[in-house]
Structures are given as structure tokens and as C-alpha cells.
2 protein chains.
Amino acid sequence: MRTLTAELKHLPLFAGMTEEEIARQADALRGFRSREEKGNILIREGEKTERCGILLEGTLQGHRVDEDGVLSVVSTLSAGMMFGEILIFSDQPSPVTLTALTDCRILWLGPIDLQRTDARLIRNLLALIGSEYWALHQKIRYCSIVSLRKRILTFLKDHEATPKDPFSVPFDRNGMAAYLNADRSALSRELSRMRGEGLIDYHKNRFRLL
Amino acid sequence: MRTLTAELKHLPLFAGMTEEEIARQADALRGFRSREEKGNILIREGEKTERCGILLEGTLQGHRVDEDGVLSVVSTLSAGMMFGEILIFSDQPSPVTLTALTDCRILWLGPIDLQRTDARLIRNLLALIGSEYWALHQKIRYCSIVSLRKRILTFLKDHEATPKDPFSVPFDRNGMAAYLNADRSALSRELSRMRGEGLIDYHKNRFRLL
DNA sequence: CTCATTTCGTTGCCAAGGCAACAGATTTTT
DNA sequence: AAAAATCTGTTGCCTTGGCAACGAAATGAG
């Protein structure tokens, strides 16, 4: 673990720390790497965990399936993002199931001994928690919009980097529908209506607001 | 501030700490008390803050109003709960507006210097963040249930302390509707249907599952 | 290349529930 | 206590969008 800190120094968790500090902290944090195949489940809904992780490579998805089998996608994680870091300090079970959407490389951390942890790292950790908290609020924002059209538009606007330019969303139709709590066919229908009215243009997961 | 630690030692944030430690930490945390009248806004959506707080007495509500004036209630806080503790370590703006639903007493804390903060207190803080995170996931769980009836039932089950016993929910009809993302009249209609079918019984904000 | 599998679009049907409007009940104000 | 304001229930109307079913397109496997 004390090797390969080069890959770690660009991670938000280690921001502002020297390689030496990182190596020492990663040691104290009991870090180790693993590979996960597409489809693997990293954390199951309802389970507790004492480890959190950083996604070094690949894509993860946090989701939940209700009694009727309806899939609800809560989050999508891309490289550099962290997961489980909120769980390990409370004894709450995981609210979602975390699955590898592609082959992944993970850096696992924990259990974390706060006494031995750098204040700088704790600050970074808290900032990361803030981001995740924010993402969750976004999801709630979408959920609480009644009209599907407005829900879609809000979602798209939030993903638009610069006005009028095309952009990608990190979902296929199914995923997008599950994230927006909508029926896939209803989503398709509404999207093509919106294209018909000249509001948007799109192809696959690339969109453009007009 | 170094007085009146008696009231603080039962707060989750100070769990497991001696009065002496609490007094020292509360000092380091720049704590001070304030009173807020019913209707006061403590934090406004979109604003950043470097202070967080603990609700010593009263009730707070976190909510958001969309462009069309639709109210969405995100959380309700009762005495002992904390707010804003996630915000102060990230530079995210507040995702909700926090309003006093009744007259309140608040203990304000921050800005927090992590270097000078007890590890025990940080652990407590992280545990509290975990609870809030969990509550947010609950809200998402409700949101993502399509059928209003199931949404109501899930919500009620989560508030039922012991099976078959009556229990209160911390909302009036309007609040409950806003929290469940439903129309108030639709909620009333569904509730009386459910009563008609012998599923539940209720009066005002007291319910019973049958 | 062919067959299989997954993904995406389309459309008809229909029920859930949003919306508006009103009435009774309850609470607060004066 | 009277009046005002707020809260809750009820009901009719009608749109939104869930559901199912199917075909086309795209992707992948053998």
C-alpha cells in the first residue's frame, strides 16, 4: 500500500497532502485495492459495513428494488468518487445496493481510527460527505417535481455544461427512467414530444437544449 | 457559554463526554444560544453558512418551494437534532430553507476548527451526519413509490412504534402531503378510502394501522 | 454472417391522482 | 362570543403518465 501513492494524490480525499502523508495515512486507514467485475455487488441494501471505498476506475450504481420489483436508481458514481464513508461512522445499514456497472478498481479503506487520522484528511472527508449529501438533495429535488416534463427538463439543465451545447448524461434510457422515477416508455414518449416541440434534441444519451 | 453545560450533556453531539470536556469544546466551537420566533428563517435555500446549530427546543422544518409555488417538505427537526453540520465543511449552498415551525431555542456552533476538536466529538458529529443522511434516504424511498397508497402505508409503518398501537406523525395534513409529494385533497381522499377498507384508523395526526 | 439479446421508440388503454371549488370543523384573534 | 383564519374532508372533472405489447434498431456472441 505504501507504493502507488501517485494514483492517490489526485483523489479529493487526499487533496492538499504530500505523497509521504498520503502513504502514512493510507496505511493508517488500512487501505487495500481490489478489482470488481461488472455486475458484482459491493454493498447490499440493509447491510452494515465498516469499510468505505474510493472508485479508482469504472462506474458504480446505487439502487434499490421495492417489493414490486420496481427499480429505483439513487446515484451513479464515476472514477474518483467515494462511497460508504457516511455509513462507517454511524451504525445505520446501507440504504442502497451498490453494484458495479462496469469492471472496476476499488481502493478500500477502514475501519478508520479517527485518533490517528490527519485533520486535513478529516476535512476532506467531510467535504466529500457534503457533496454526496448534495447529490442526494438533487435527487429529492427531481422526485418532488410532479410533472414528468419538468422533471426531465430540470434534470437535463443540471447536466448541461454550457448553454446550447450538447452533453451526455450518465444513464441509458432505463437508468434515466429509474433515476427520474418514471416509466421508461413514458420517458421516451415525453422526450420525443419535447423534440417534436423543438425544446430539445437528442440521440441516445447525448442531449441538447434549444 | 461555559455555564449551562447541564443542558448539553444529553445531546448526541456531546455523548460520552464529561461536563468539563463539553464546556471546553463548546468554547472551542464558538457556541452561543439564541431564541427564534415561529416563522423565522434560520437558513435560506441557496445560501452558504459557516455555522451549524442544535435545536434545543421547538420544531424546525426544512423545505423548498419550486417555481410554481409547490411546497416540498424535506425534513422535520425536533429538539436535540442538529442542522447545517454537513454544510459547513463543504462549500455547497443550503439545499433547503430552514424555518421555525414554533418558537425555538438554538445552540449555534461554528466555525469549527477541526484541529482543536476532540476526536470523540468528531465521531459523534459523523454519527449525526449518518442519521441525517439516513433520513434523506427515507424521503427518497417515499418519493420513489409510485402509488400514493403504498407511499402512505410505507410512511405510516415507519412511524409506527409498536404494531397495532396508535402513534402520531409530526405533520398536519398539509405538511404530510408536502412531505409525501402528494396533493392534500388526494391524500385526504386516499386516507378515508383506506379507513373505509379497514386498513387504518385515524384522527388528525394520530394514526393506527389495523 | 446469422442468431440472440438488449435497448429504444411508439401507441392504445385506462386508472390514479392533480386541481378546483366548496362545506364543515377547529383554532385563533379581537 | 363573534368573527376571522386555518385545517380537513368531499366530490366532479379531466389530464398525466403507468402499463402492456410490439417492432425496429443496435449490440454482442458463436
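Residues numbered from 1 in each chain as written. Chains lettered and ligands numbered in written order. Predicted model: local features only at pLDDT ≥ 70, side-chain atom pairs only at ≥ 80, totals over all residues. Heavy atoms only, no water.

Observations regarding the packing of helix 3 (residues 148-159) of chain B against helix 5 (residues 184-196) of chain B
Residue and element names in this part refer to chain B.
Move 1: It is the contact of helix 3 with helix 5, at a shortest axis distance of 10 Å, that shows an interaxial angle of 75°. When the axis of helix 3 is compared with that of helix 5, the two are roughly perpendicular. Facing helix 3, whose interface residues are L148, R149, I152 and L153, helix 5 presents A186, L187, E190, L191, R193 and M194.
Move 2: When the residues that make up the contact of helix 3 with helix 5 are grouped by side-chain class, the tally is 7 nonpolar, no polar and 3 charged. (Axes fitted to C-alpha atoms, helices over the stretch in contact; angles between N-to-C directions. Helix = DSSP H or I, 4+ residues; strand = E, 2+ residues; numbered from the N terminus. Parallel < 35°, antiparallel > 145°, perpendicular 65-115°, else oblique. Contact = heavy atoms within 4.5 Å. Nonpolar A, V, L, I, M, F, W, Y, C, P; charged D, E, K, R; others polar.)

Brief notes about the sheet that holds strand 9 (residues 167-168) of chain B
Residues and elements named next belong to chain B.
Move 1: Across the sheet, which stays open at both edges, the 3 strands sit in the order 9-11-10 with antiparallel pairing between neighbours. Since the sheet does not close on itself, it has two edges, and those belong to strand 9 and strand 10 (200-203), each with one partner.
Move 2: Against the sheet, helix 3 touches strand 9, strand 10 and strand 11 (206-209), its axis set at about 100° to strand 11.
Move 3: Contacts from helix 5 reach strand 10 and strand 11 within the one sheet, and its direction differs from that of strand 10 by about 125°. (Pairing = 2+ DSSP bridges.)

Some words on the protein's contact with DNA strand C
Move 1: Taken together, 17 residues sit near DNA strand C, with R173 and S188 of chain A together with L148, D183 and A186 of chain B positioned nearest.
Move 2: One of the side-chain N or O atoms of S188 of chain A is found 3.0 Å from a phosphate oxygen in DNA strand C.
Move 3: In terms of residues, the surface near DNA strand C owes the most to one element, helix 5 (residues 184-196) of chain A, which gives 5 residues.
Move 4: Here the residues of the surface near DNA strand C are counted per class, giving 4 nonpolar, 6 polar and 7 charged. (Near = heavy atom within 4 Å. Polar contact = N/O pair within 3.5 Å; in protein donor to acceptor, adjacent residues only side chain to side chain.)

Notes on the protein's contact with DNA strand D
Move 1: Taken together, 18 residues surround DNA strand D, and among them L148 and D183 of chain A together with R173, R184 and S188 of chain B come closest.
Move 2: Separating a phosphate oxygen of DNA strand D from a backbone N or O atom of L148 of chain A is a distance of 2.4 Å.
Move 3: A distance of 2.8 Å is found between a phosphate oxygen of DNA strand D and a side-chain nitrogen or oxygen belonging to R173 of chain B.
Move 4: Listed by contribution, the elements that provide at least two residues to the surface near DNA strand D are helix 5 of chain A together with helix 4 (173-179) and helix 5 of chain B.
Move 5: Per-element accounting of the surface near DNA strand D gives the leading share, 5 residues, to helix 5 of chain B.
Move 6: Within the surface near DNA strand D, the residues separate by chemical class into 5 nonpolar, 6 polar and 7 charged.

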